[in-house]
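Structure assessment
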Amino acid sequence: MPVEEDRTLRTLGLDKAPREHPLLYPGAWPRESGLLDGERFLPLDRLVHEDRAPVLAVGSNACPGQLRLKMAESGIITPVPMVLARVTGVGIGVSAHVSRMGYVSNSPVAAPHGERELFVLWLDARQLRAIDASEGVPRADGNFHRAWLPAPDVRIELADGSALPGAYVYVNRHGVLHDGDGRPRPHPGQRALLTGLLAGSPGLRELFGDSPEEFCARARADLGLCARGTRLFAGQGMVTACGLERYVVSQQYGSPGTGASLAPPLM
């Protein structure tokens, strides 16, 4: 009999969560679509799941190790389909807030002519509530809104050539960091980002130390310090709009997925 392929996250190099290893943020992303099922990343049987909500992952939500940890914290064991898509209209910037997990996260930005590969998470109602909670959506002081990005403003093309009518994304309530010329700054990876931010800001060094390691250690679980860092970004004029703010509106939907419309479920 053929030997079954080892599809565990550890074997695939997808097991480490940035919540536990902040300098690895955004964590390892899979090379292809798959089904996150506990400790395994399995092949998918289809690309569209009409009874679930499609959510674009631009940061650690595309890391199976991180996603598994978030689900486990909410007591969720049901699998999560992760579908690789070619996305036009959304880029990756730098959140203008310091996370209590010890890192400065990715954040979506408008990129009208930009094209990149991102994962679409297909979440059921309970999974969506868990990810909303992890992003602070239900809280007045949370860091992100959940917004619906419709086609044709954003094109989300799947491997079979079909395109989705839209998807959710988490838009930062604080804005994003700019590059010095007012444009959203790209995220070069956590160590390089923190090294550059600390080198350019004595105020940030005073709060978080001189190295990425010190930054992560001081920021982790210190909400007050993270808030001071977030205010420093704004106070030093480092923040700009992400360009997706207009999609943040109050929305009400019915039950999950209704055929081709993919009407997104809420909490």
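Report on the accompanying structure. (Residues numbered from 1 in each chain as written. Predicted model: local features only at pLDDT ≥ 70, side-chain atom pairs only at ≥ 80, totals over all residues. Heavy atoms only, no water.)

Remarks on the pairing of strand S5 (residues 106-123)
If a strand is regular, its side chains alternate between the two faces of the sheet. Note the following rule: Only strands that DSSP links by at least two bridges are regarded as paired with each other. The numbering of helices and of strands both runs from the N terminus, where a helix is a DSSP run of H or I of at least 4 residues and a strand a run of E of at least 2.
Alignment of strand S3 (residues 53-57) against S5, held across 5 bridges, turns out to be antiparallel. From the neighbouring strand, Ala53 faces S5, where its bridge partner is Leu123. Two elements, strand S4 (residues 80-94) and S5, share 13 bridges in a ladder whose sense is antiparallel. Bridging from a neighbouring strand, Met82 pairs with Leu121 of S5.

What to know about the nonpolar core
Basically, it comes down to this: In plain words, nonpolar cores are sets of buried Ala, Val, Leu, Ile, Met, Phe, Trp, Tyr and Cys residues tied together by side-chain atoms within 4.5 Å. Exposure is judged per residue with a 1.4 Å probe applied to protein chains only, and the accessible area is read against the type maximum: over 50% gives exposed, under 20% gives buried, and values in between give partly exposed.
Membership of the largest hydrophobic core comes to 25 residues, with the highest contact counts inside it found for Leu67, Met71, Met82 and Leu123. Mapped onto this core, the elements with two or more residues apiece are S3, helix H2 (64-73), S4, S5, helix H3 (125-135), strand S6 (144-150) and strand S9 (166-172). Ranked by size, the runner-up nonpolar core spans 24 residues in total, among them Val58, Val109, Val154 and Val176.

Focus: the packing of aromatic side chains
Where we set the bar: Here the aromatic set is Phe, Tyr and Trp, taking the six-membered ring for Trp, and pairing holds for ring centres within 6.5 Å; pairs whose planes are under 30 degrees apart are stacked, those over 60 apart are edge-to-face, and all others are tilted. In this scheme, the term charge over a ring applies when either NZ of a lysine or CZ of an arginine sits within 6 Å of the ring centre and within 35 degrees of the ring normal.
For the structure shown, the criterion picks out 4 aromatic pairs. Taking 6.5 Å as the distance between ring centres and 80 degrees as the angle between the ring planes, the aromatic pair formed by Trp29 and Phe119 counts as edge-to-face. Taken together, the residues Trp29 in the loop between helix H1 (9-12) and strand S1 (34-37) and Phe119 in strand S5 connect sequence positions 90 residues apart. You can call Phe119 buried: its relative accessible area is 0%. Here the basic side chain of Arg146 rests over the ring of Tyr168, its NZ or CZ set 4.3 Å away from the ring centre.

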